[in-house]
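# Commentary on secondary and tertiary structure
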Amino acid sequence: MASKGLLPNLPPPPQEIPPNVVPMQVERGKGCGSLSERLRPNINQMNGPRPGVKGKKILLLTNHFRVCFQGGTSHLYSYSVNVHYENGDPVTRRNLIRKVIHKLWEIYSSEFGEQTFATDGQQSLFTACPLPKKKLEFTVVLDVATSKRSKTDGNLSGNGDFSEADQKRQKIISGFKTFKVQITFVSVIPFQSMVDAPNGVKSGNNEVLRALDTILQHSNAKRSCLLLCQSYFPDEIRNFMDLTGRTSLDRSCLLLCQSYFPDEIRNFMDLTGGILGCRGFHSSFRSVQGGLFFNLDVSTTTIIQPGPLVNFLMANQNVDNPFKIDWTKAKQILKNLRIKLSHSNREHKITGLSDRPCKEQKFLLGLKGSRDQNDNVQTVEVTVYDYFVKRHGIELRYSSNLPCINVGSQRQPQFIPIELCSLVSLQRHKEELSIHQRSFLLKKLSQKPMEIINDLNEELKTNDYDTDPMLRACGISICKSFTQVGGRILSPPLLRVGNKVDLVPKRSRWNFNDKKFAEPKGIEFWVVVNFSTGFDVRSSYTELAKLGAMKGMHIRPPAFVFEENPKHKKKPGSVRVDLMFEQIISKFRKDPPRFVLCFLPTKCSRLYGPWKKKCLMDFGIRNQCIAMNRVDEAHLANVILKMNARLGGINFMLSAEVSQTIPLVSKVPTLILGMDVRHAASARSDLPSVAAVVGSRQWPMISCYTASIRTQPPKTETIHSLFKPVSEGEDTGIIRELLMDFYASSEKRKPAQIIIFRQGICESQFKQSINEMEEIIKACKFLDETWSPKFTLIIAQRRHHTKLFQSDSSENIPPGTVVDTKICHPLYNNNFYMCAHAARVGTSRPIHYFVLLDEIGFSSDDAQELVHCLCYMSQRCTSAIYEVAPIRYARLAAAQMLEIMKSEGPQLPKLHKNIRDTMFFC
C-alpha cells in the first residue's frame, strides 16, 4: 500500500447509488447542467474521436525538431527583477535592463557561484541553481556615457555650455549612473516533469515552456538581433474554462512567442520608399502530442532603411533632392526613430524638428569664464549652423536651409544639423505598406520549400543552441534533423456545374472552359461607369458580356456608358463619385439601373471606398469594380465569377449538396457561420474594428451566404454585437439577423445544428470564443425559449509557424494534406493541420483547426472532410483556397467595410435593404 505522504489530494468517494435508482444515459452532445457546463470544451483526450483514417498516406517532414534530455538540472528557479534609477524611478527600457543585469552578474559572479542566467529584459529571470537568498538587493554602477551626448554635441538647450544646469548634466555624462536592483524568488519550476511527459505536456508545465523561450530570447539578444516578442497567456485549462470570468492571470503563466532578425545586409530587401523587407527566424519550444519539440521557422518584418537620414526621407517621399522634402510629413514619420551622430558616434531618439532652418535656428550659448554681477553665466545668441561650422569646424554642405533634428525635449530642445544624422539599423516600420510595397515583399521574400529547408538547416548550424549555457545546464539537446510525421491526402470533392455536369478537380483546380454556371443570372438593365479617362472600356465590357454568355448568363448591352469629366480628376474621391452619381440619377431618375460595372484607374484607387458606400449603403445597387491596369482575359474570367455570385447566381456547388449526402449536414437543417474581425492599421487609430459574420442560406445548400457587419472599439477581437437586445421583444444583434435570413430562405425551417468557424484568435483567447458562444445561444433563446440547436465550434488558426514538406520531393505538399497526430496540440481531442490548396508561389502553409466544442458529434474524418470541402466553395475562383469559404467571406466583408471607413469616416452606415441578402463581398 502506498504511504500516505505519496497520495495526492483526492476528492471524497461518491455516495452509494440506491438500488432502486436507474442511471440515465445522457445523449451525446447534450449538456446536463448550466449553460457554462454545456459550453465546457471536452479536453479529455480519452473521450475524443480517434485520428482520421481516410485518404492516401504520405510521409512528411516538419520544422519541429525533437528535444532530447541528457541529464542536467531537474528544476529551474524563477525570480522577479525590479531595476530602478537612483531616484526611485523604474527602468523600463529592455536593453538597459539587460545591460544592468549583465553588469550585476559580472560583478557578483563569485557570490552567484559562476552560474548562468536568462532574462526577458523585463521582470523575469531564470537560473539553473538557486541564488543564495530569496530576496537580494544590489547597487550597480553602469557606465552610460556611450548612450549620452558629449560636450561636442553642443549645448543647444538654451542654457549655455557651462551653465549650472549643464555642468550638472556634464557631471553625469562624464561619470556613471547608479541603479538599484532587487531580485525576489518567485517559484521552483519542476523541469523534470517535462522529461516525464513523452506524449505532450498535459498541464502545469507552461512555466517550463516560458522559461525555455526566455532562454532563447536571451541568447538572441546577446547576438544584437532585433527581437519581436509577443507575450500571451497560455491555454491552461483553468484559464479558459472558468466561465465566471475570474481567470487567473498570473505573470508566471506568460508564454513568449518571438522572432529575431540578425543585423546582416544579406537579409535586407529594398521595398522602395525607404522601407526594407527583413528576413529572420521564429524560434520557440512547443509541447505537442509527440513530446517536446523546438519549432524553428523563417520570419519576415519590415524595417526603416538605415544610413543617412536625408537619404531615407528622399526615398520615402520619392524626391530627388533634400529641398523637395515635405517636412510636415517627415515630422510624423521621424518621431521616436533612433539616430547616430557622425561627429560624436552617440545615439539619440528623434523628438521633433526645428521650426526654422539650421542657419536661422538660434539658441543661447554660455560664454566660458564669463559671469555677471549675480554670478550667472553670460550667454550669447548663435545659430545652430554657426555653432557647428565656426565653433567646431564641421563642414555642412546642404543643412543650412533645412530644419534641424531635435533630440532633446520640447522645453529643452537639442538641435542637430540633419546631415550629421544617420538612422540606426533594425528599426521596425510599423505603418501600413502600400500595395506596391506589399507586392514587392511577396515577390522578394517568398521561398520555395527547399529554400526554407536550407535556411533552417544553416540557422541551426550558425546558432548552435547546444552550446548555450542555460540549455546545457538543463541537459537539453536539439536534434538537427527535421521530424518525420505521417499525413494523409484527402480526395478532392466532386463539383456540380451547369447542365448537371460533375467536375473532378486536379491538384485543387478545375477547368471551367466550355462549362456553364450551375445557376447563371442575367443582367437586363445595367450601366458602365468609367473613371479611367483615356482608356477605351468598350472592348472590356464587350468581352465580359461574351464570357458571361458562354457561362449561361444572358447579358444585354449596357443602357449607357458614363465617362468622367477629365476636369474632375484632381478632386477628392468622394466628390468625384458624387458627381458621377449625379449623372446617373439625372439619366435614370425614375428607374435606376440594377447593376453597375465600374472601371477604376488602379486596384487601390481612392475612389473605391466612396464608390462602395454609394452603391451598397445609399442606393442599394449591385456593382463590380475593375482596375484598368489589370484587365486581361484571365482577370475578366474571374470578374464574371464574382458578378454572377453578386447577382444571386451559383457558379458551382458540391455534388454532395445536390444529392444531400454531406455527413451530419444534409439530413438536418444546418446553419454554417463564418466569423472574423478586422482592425485598421495603427496609423488610423480613429477607426473602429469591424466584425463580420456570414451565414449560409437556402439549406440544404452550403454555397450561398449573407453577411451581417458591425463596428466595435478599436483593436478588440471579441465580437460585441452577436446578441443585442434593445427591448423585451427586440434584438438588433448579428445572430438574429442571420437566423431570420436562414429561416426565410430555407422554407421556414429553424436550424437544428449550427456550425461556427471562427478565425483570428490564438489559444490564449479560446475563452473569448466560448463567451461568444454564450451570446449566440442567448440570441437563439431570445427567439424561442424552447429551441436548443446543437453547436460545433471550430477555430481556424493561420498565424502559426508549422511548415510541412514532402520527405522525398522538393515540391510543395499535395493539396488535401491533413495531419492530426504527433505535432498537434496535446490538450484538445480533435485538432488537425489542413492544407487544402496548391500554392502557386512560395511554400504552402496549412491551417490549424481546433474542434473546440462538438455537440453535433463529428468524427475526425467527418470534420476533416467538411473543412476540406468548404475550401472548394469560394465562388470567386476555380481553385481551392487555403481556408474555409465562410471565413474567407467574413474577412472580405469586413475588409470592404474598413475600406469604406478609411475614406468616409468612422461611422459605418447600414447596408441598403436591396443588398443585405446578396453576396456583395464575393
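Note: the structure precedes this text.
Being a predicted model, the structure only gives us computed values, none of them experimental.

Parameters at a glance
Numbering of residues begins from 1 in every chain and follows the order in which that chain's sequence is written. Whole-chain, interface and lining totals are the exception, using all residues; otherwise, since this is a predicted model, local features are given only for residues with pLDDT of at least 70 and side-chain atom pairs are given and counted only at 80 or more. Each side-chain value is derived from all of the structure's non-hydrogen atoms; neither hydrogens nor water enter the calculation. Each helix is a run of H or I in the DSSP string that is no shorter than four residues. Each strand is a run of E no shorter than two, and both are numbered from the N terminus. Expected span of a helix: the number of residues minus one, times 1.5 Å. Any residue under 20% of the maximum accessible area for its type is buried, any over 50% is exposed, and the rest in between are partly exposed; the area is computed with a 1.4 Å probe on protein chains only. Throughout, a contact is declared for two residues whenever any of their heavy atoms are within 4.5 Å. One bridge is not enough; two strands pair if DSSP finds at least two bridges between them. Convention used here: a crossover is right-handed provided that the path from the first strand, over the helix, to the second strand proceeds clockwise when the strands point away from the viewer. Every definition here rests on a 1 Å grid over the protein atoms only: cavities are sets of points where a 1.4 Å probe fits but cannot get out, pockets are open sets enclosed by protein on both sides within 12 Å along at least five of seven lines, and lining residues have some atom within 4 Å of a point. Grid points are joined across faces, edges and corners, and a volume is the space filled by probe spheres set on the points. Where helices are involved, their axes are fitted lines through C-alpha atoms of the stretch in contact, as for all axes, and angles between N-to-C directions lie from 0 to 180°. If an angle is under 35 degrees, it is roughly parallel; if it is over 145, roughly antiparallel; if it lies from 65 to 115, roughly perpendicular; otherwise it is oblique. Three categories are distinguished: nonpolar for Ala, Val, Leu, Ile, Met, Phe, Trp, Tyr, Cys and Pro, charged for Asp, Glu, Lys and Arg, and polar for the others, with Gly belonging to the last. We define a nonpolar core as any set of buried Ala, Val, Leu, Ile, Met, Phe, Trp, Tyr and Cys residues linked to one another through side-chain atoms lying within 4.5 Å.

## Concerning helix 15 (residues 608-619)
Its twelve residues place the ends of helix 15 16 Å apart at the C-alpha level, agreeing with the 16 Å of an ideal helix rising 1.5 Å per residue. Where burial is concerned, most of helix 15 is hidden: nine out of the twelve residues are buried. Of all the residues in helix 15, the buried ones are Gly 609, Pro 610, Trp 611, Lys 612, Lys 613, Lys 614, Cys 615, Leu 616 and Met 617. Buried-residue contacts for helix 15 involve strand 26 (526-530), helix 14 (573-587), strand 28 (595-600), strand 29 (622-627), helix 16 (633-646) and helix 21 (885-904). Positive backbone phi, at 65°, marks Gly 620, one or two positions downstream of helix 15.

## What to know about the pairing of strand 33 (residues 705-712)
By the criterion of burial, strand 33 is predominantly enclosed, with seven of the eight residues buried. Pairing between strand 32 (residues 689-696) and strand 33: eight bridges, direction antiparallel. Counted as the bridge partner of Val 693 is Ser 708 from strand 33.

## A short note on the pairing of strand 27 (residues 560-563)
As paired elements, strand 26 and strand 27 share four bridges and run parallel to each other. Bridged to Val 527 within strand 27 is Phe 560. Of the crossover connections in this fold, the one passing from strand 26 over helix 13 (residues 538-550) to the parallel strand 27 is right-handed.

## Overview of empty space enclosed by the protein
Within this structure, the stated rule accounts for one cavity of 30 Å³ or more. By volume, the largest cavity is sized at about 40 Å³. If you trace the largest cavity, you find it lined by Lys 612, Leu 616, Arg 622, Asn 623, Arg 646, Ile 915, Thr 918 and Phe 920. For the lining of the largest cavity, the secondary-structure elements that each account for two or more residues are helix 15 and strand 29.

## Description of the packing of helix 2 (residues 94-107) against helix 5 (residues 206-222)
One way to put it is that helix 2 packs onto helix 5 with a least axis distance of 12 Å and a crossing angle of 90°. Regarding the angle of helix 2 to helix 5, the classification is roughly perpendicular. Within the contact between the two elements, helix 2 uses Arg 94, Arg 98 and His 102 and helix 5 uses Gln 217, His 218, Ala 221 and Lys 222. The class makeup of the residues in the contact of helix 2 with helix 5 is one nonpolar, three polar and three charged.

## What about helix 20 (residues 860-870)?
Burial analysis of helix 20 places nine of its eleven residues in the buried class, the great majority of the element. Of all the positions in helix 20, only Ser 860, Asp 861, Ala 863, Gln 864, Leu 866, Val 867, His 868, Cys 869 and Leu 870 are classed as buried.

## Section: the nonpolar core
When a protein is soluble and globular, its nonpolar side chains tend to lie buried together. Among the nonpolar cores identified, the biggest contains 83 residues, and Leu 597, Phe 757, Tyr 849, Leu 870, Phe 920 and Phe 921 are the most heavily contacted of them. A per-element tally of this core places helix 21 first, with ten residues. Setting aside chain neighbours within four positions, we find Phe 757 in contact with Ile 672, Leu 673, Gly 674, Met 675, Ile 794, Val 867, Leu 870, Val 884 and Ile 887.

## A short note on the sheet that holds strand 21 (residues 421-423)
One open sheet accounts for four strands, arranged 13-21-14-15; its pairing is antiparallel. The open sheet has two edge strands, strand 13 (307-308) and strand 15 (347-349), and neither has a second partner. Taken together, the three bridges between strand 14 (residues 338-341) and strand 15 define a ladder with antiparallel strand orientation. Opposite Arg 338, over in strand 15, you have Lys 349 as the bridge partner.

## Here's the deal with the side chain of His 635
Summarising the element assignment, His 635 is placed in helix 16. His 635 sits in the buried class, given a relative accessible area of 16%. In this structure, His 635 is in contact with Ile 626 and Arg 630, ignoring residues within four places of it in sequence.

## Looking at the sheet that holds strand 38 (residues 804-806)
Read from one edge to the other, the open sheet built from eleven strands follows the order 33-32-31-36-37-41-40-39-23-1-38, with strand pairing classed as mixed. The open sheet is flanked by strand 33 and strand 38, the only strands paired with a single partner. Each neighbouring strand pair of the sheet contributes to a mean axis angle of 30°, computed without reference to strand direction. The pairing of strand 1 (residues 56-62) with strand 38 spans three bridges and is antiparallel. Its bridge partner lying in strand 38, Leu 61 is registered against Phe 805. Seen against the sheet, helix 20 touches strand 23 (483-489), strand 31 (670-678), strand 33, strand 36 (753-759), strand 39 (817-819), strand 40 (831-835) and strand 41 (847-854) and runs at an angle of roughly 30° to strand 40.

The quantities given are spatial measurements derived from coordinates; they are silent on function.
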